[in-house]
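# Coordinate analysis (summary)
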Amino acid sequence: MLERIGAYPGALLSLLLSLSLVQGMLGLWAVFGMATERIPPTHALTLLGAALYQPDHDFPIYVLGIIACVVMDALLSLMLAKTQNAGGAPFNPRVALLGCEIVVLLPVLLPNSSFAHLLACVIGLAWLAWQLRSLRHGCSWLPTVSEPSTAPAGQNTGLARSLSVPLAIVALFVFVPWPEALVWQSFAGDRFHHFDFYAMAPALAYAHGLRLASDFYSQYGVGWPMVLHWLGATSSVTSYTTFVRLEVLVGCAYFLTLFIFLHAWLRRSGHATVGLLVVLLLALFTNTGGYPKWLWPSSTVMRYAFDVALFTVLMAHARSGAARLGPLAGALLGLQLLFALDVGLYLLLAFLLYLACALRSNASAHSNRAVLQFACGAGLGLVLVAGAGFTLANQGDIPGRIFWTGLTKSIFAYSGGIANMPIAQTLAYATGASLLLLAMLTLYVRCLGNALSGFLTRRMSTDMPLRAAIAAYGLGTLMLFIGRSHEQNLMHVCIPFCLLATQSLVSISQRWAASPLWLGLRRHELMSLALVAAIWMQGHSVHYPNLANALFGHDMFTHAPLTTSDALPTRAPKLAAEFGAASDAIRSASGGGQHSVAVIGYNDTAYLMQAGVAPYFSYSPVLASLLFQEQITEITQRIENAPPEWIFIAAEQEPTLYRESTADSVRRILASMERDYVQQGSAGHFQVFRRAATTVKSN
């Protein structure tokens, strides 16, 4: 094998350079990423916002570091392609591989040293310089770095026949036949906090006629709230079960689409199955905090629902050059913008990079005219789908300045340090996550470096634009981890890496001699069995309510019984009783919508959902959304300018996710109510206030 690798010295040396540069970037994060002095916020913070405010310098290091790494990688590729010397000793791959191993393992062997990554970078660059000096006296023309290619079409098997295995995998391990088990866990754990922020609160607002983004804040996009409204999942607390069914079915469809993409790209069903299993293991079953990942929908593939479908269209275009695929690509881009704006922007940038590379491609299927026609079709599809979707989200009104300001609020207004976690903490305490981050960044840099060198020399293979687009998209989604650098968040954005790694490994394996069978199984079949076993064990450890784990018996579901018609878990009777009492009181105060009711709590959306009452403010849950003092001002001005007849407010400190305090928000809101409202008692954990004028009139 080493002899085969030795035939491609440029690839090994480029890998050594990329590893060294990425280790240097990790070193900069470890040494300079954390802010030594508190960076003042751009807006005055609440107690909740101050507890979550942890700014750092990770983002500028990331952006500048990636640019430098890609440019340096491309320059090395160009230099190696032009190197020529007169004969000498042949290239020794063992020496280059040893250098790569030292660069990777040195920070692992010195985990407590902040400068271990920088030391690995220096050693790697010195090793590279030594190898380049040796090559000047060692070999004739160095071959250019080869881009991984897929297998010949003749090695492919029929899609219908190949789908049987992934269908069985998805049915056994991904599908959740008992969604109530997840609903009960969410209710008992955080009162549907993550469900509400992701989609349920905006869906409730939309169902009551509020305009998403204009009238009501929708942090994660406007697509899923509209879908939930159209499904009728905004009528009671049982709607959360519908939401869980939806996200699980979306996940099943996503993973099957991913297999279809890999099957078409690799032209090998067995290797496509391995890629699917790797994605499932890392993205769905690893580092989930001990619970099924569907409890945190923003961390699941719901956020990236249309990326693999777009990559499938781009692959078809790369091979055929068919301009008619443009509107479909644009429609998928538009849908991704609707269903997750930030991810849609990353995908749009990746698509633009694909177009730039396709214009420089030497593939016979491409001509500049055909690529431009494809781009125009994509632009048309994007405008039509996104325009129609945003208009629907705005309740039929053409989106204006207020809509776009509200839609981009999570990107611009609420960024800059809220809920950040420095990468230095992950590098210091999570070795596995550090190695995965190193692998992800190195692979992305190599793909983009190859694309840049190919772009400059106009030597781009058929797969190079697609690989560049996936790598650029992977770097974009990786910013979700760069901001909040918990090791669990790294798994959420690993799918682009898994796609590229699978294709690269399949390409490399084509150059190896056929491996002998072991127990009658090929290498990829053995790997598939090992991955299935790992997924099964991981799923069982987090009590994932799937069919495979049901084989162990129903006692695995420790949070609730499997068969019940109760809307809420019977194992938490006090919690269920409080929820029912408060919801009934809110419904009674509303009088079927005749009276305006404002509910203010850290987890107030479910109460509104059960009572059938619309959110009164532009946020829900209210207290959990108040990170800045100006947001409290919005609430108090709303109460003063359009006072509701009833206000239910959680005056006592409620349990929060990280034990933060909301006392200042409650205090300011109560102060704004003091003149016009009279307390009428309590309902559950809420204090109930009625507008004084209404109280006098009724007496």
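Residues numbered from 1 in each chain as written. Predicted model: local features only at pLDDT ≥ 70, side-chain atom pairs only at ≥ 80, totals over all residues. Heavy atoms only, no water.

### Examining the confidence of the model for the protein
A low pLDDT score tells you not to read the predicted coordinates there in detail. For the protein, per-residue confidence averages 85 on the pLDDT scale, and 86% of positions sit at 70 or higher. Mean pLDDT values for the elements of the protein range from 47 in helix α1 (residues 2-6) up to 97 in helix α15 (residues 326-339). Across residues 1-7, where pLDDT falls below 50, the model places twelve contacts with residues more than four positions away in sequence or in other chains. Note that pLDDT drops below 50 for residues 695-699; the model gives that stretch three contacts with residues more than four away or on any other chain. (pLDDT = per-residue confidence, 0-100. Helix = DSSP H or I, 4+ residues; strand = E, 2+ residues; numbered from the N terminus. Contact = heavy atoms within 4.5 Å.)

### Focus: the pairing of strand β3 (residues 677-683)
The pairing of β3 with strand β4 (residues 686-691) spans six bridges and is classified as antiparallel. Directly across from V678, in β4, lies its bridge partner R690. The antiparallel pairing of β3 with β4 creates a hairpin that spans two residues between the two strands, and G684 there sits at a positive phi of about 65 degrees. (Pairing = 2+ DSSP bridges.)

### Examining the packing of aromatic side chains
Aromatic ring pairs are defined here through the distance separating the ring centres and the angle between the ring planes. For the structure shown, the criterion picks out 27 aromatic pairs. Ring geometry for F195 and Y240: centres 6.4 Å apart, planes at 25 degrees, overall stacked. Placement of F195 in helix α10 (residues 193-207) and of Y240 in helix α12 (residues 239-266) is noted, with a sequence separation of 45 residues between them. When its relative accessible area of 0% is taken as the criterion, F195 is described as buried. In this structure, R638 is placed above the aromatic ring of Y616, and the distance from its NZ or CZ to the ring centre is 4.2 Å. (Phe/Tyr/Trp six-rings, centres within 6.5 Å; stacked < 30°, edge-to-face > 60°. Buried < 20%, exposed > 50% of the residue type's maximum accessible area, 1.4 Å probe, protein only. Lys NZ or Arg CZ within 6 Å of the ring centre and 35° of its normal.)

### Re the nonpolar core
Generally speaking, a soluble globular protein has its nonpolar side chains buried in company with each other. Membership of the largest hydrophobic core comes to 181 residues, with the highest contact counts inside it found for W29, W224, F255, F261, L441 and F648. Sorting elements by how many residues they give to this core places α12 first, with 16 residues. If near-sequence neighbours (up to four positions away) are discounted, F261 is found in contact with V308, F311, T312, M315, L466, I470 and L499. (Core = buried A, V, L, I, M, F, W, Y, C linked by side-chain atoms within 4.5 Å.)

### Concerning empty space enclosed by the protein
Applying the stated criterion across every chain yields a total of five cavities of 30 Å³ or more. In terms of lining, the largest cavity is formed by 13 residues, of which the most central are P107, V108, H117, T431 and S434. For the lining of the largest cavity, the elements supplying multiple residues, two or more each, are α2 (9-33), α5 (93-109), α20 (423-429) and α21 (431-457). Considering every element that reaches the lining of the largest cavity, the biggest residue donor is α21, with four residues. (1 Å grid on protein atoms, 1.4 Å probe; cavity = no way out; pocket = protein on both sides within 12 Å on 5 of 7 lines; lining within 4 Å. Points joined across faces, edges and corners; volume = space filled by probe spheres on them.)

### Focus: the environment of H543
Along the polypeptide, H543 turns up in the loop between α26 (523-541) and α27 (547-550). For H543, a relative accessible area of 24% translates into the label partly exposed. Once the C-alpha coordinates of H543 and P292 are considered, the two residues, 251 residues apart in sequence, prove to be 7.0 Å apart.

### Side note on helix α30 (residues 629-641)
Structural remark: α-helix, 3.6 residues per turn; residues separated by three or four positions point the same way. Given a rise of 1.5 Å per residue, 13 residues ought to cover 18 Å, and the 18 Å separating the end C-alpha atoms of α30 matches this to within 8%. Three or more residues of α30 are buried, namely Q631, I632, I635, T636 and I639. The buried residues of α30 occupy an angular sector of 140 degrees when the element is viewed end-on, so they sit on one face. Tucked inside the fold, the buried residues of α30 contact β2 (646-649), α31 (663-673) and β3. (Expected span 1.5 Å × (residues − 1). Arc of directions from axis to C-beta.)

### Quick notes on the sheet that holds strand β1 (residues 597-600)
Strands pair in a sheet through their backbones, by hydrogen bonds, and they do so in one of two ways: parallel or antiparallel. Taken together, four strands build an open sheet; the order of strands is β1-β2-β4-β3 and the sheet is mixed. At either end of the open sheet lies a strand with only one pairing partner, and these are β1 and β3. Each strand of the sheet is rotated relative to its neighbour by a mean of 20 degrees, with strand direction disregarded. Sheet strands touched by α31: β1, β2, β3 and β4. Its angle to β2, the strand with the most contacts, is close to 155 degrees. (Axes fitted to C-alpha atoms, helices over the stretch in contact; angles between N-to-C directions.)

### A word on the packing of α10 against α12
Between α10 and α12, the shortest axis-to-axis distance is 11 Å and the interhelical angle comes to 85 degrees. One way to sum up the angle between α10 and α12 is to call them roughly perpendicular. In this structure, α10 uses F195, D196, Y198, A199 and M200 to contact α12, whose residues at the interface are S239, Y240, F243, V244 and E247. Here the residues of the contact of α10 with α12 sort into seven nonpolar, one polar and two charged. (Parallel < 35°, antiparallel > 145°, perpendicular 65-115°, else oblique. Nonpolar A, V, L, I, M, F, W, Y, C, P; charged D, E, K, R; others polar.)

### Digging into unusual backbone geometry
Residue S620 is joined to P621 through a cis peptide bond whose omega torsion reads -5 degrees. Following the sequence through the fold, P621 ends up in the loop between α29 (605-611) and α30. The phi dihedral of A213 is positive, around 75 degrees, even though this residue is not glycine. One non-glycine residue with positive phi stands out, namely R267, at about 60 degrees. Positionally, R267 belongs in the loop between α12 and α13 (269-284).

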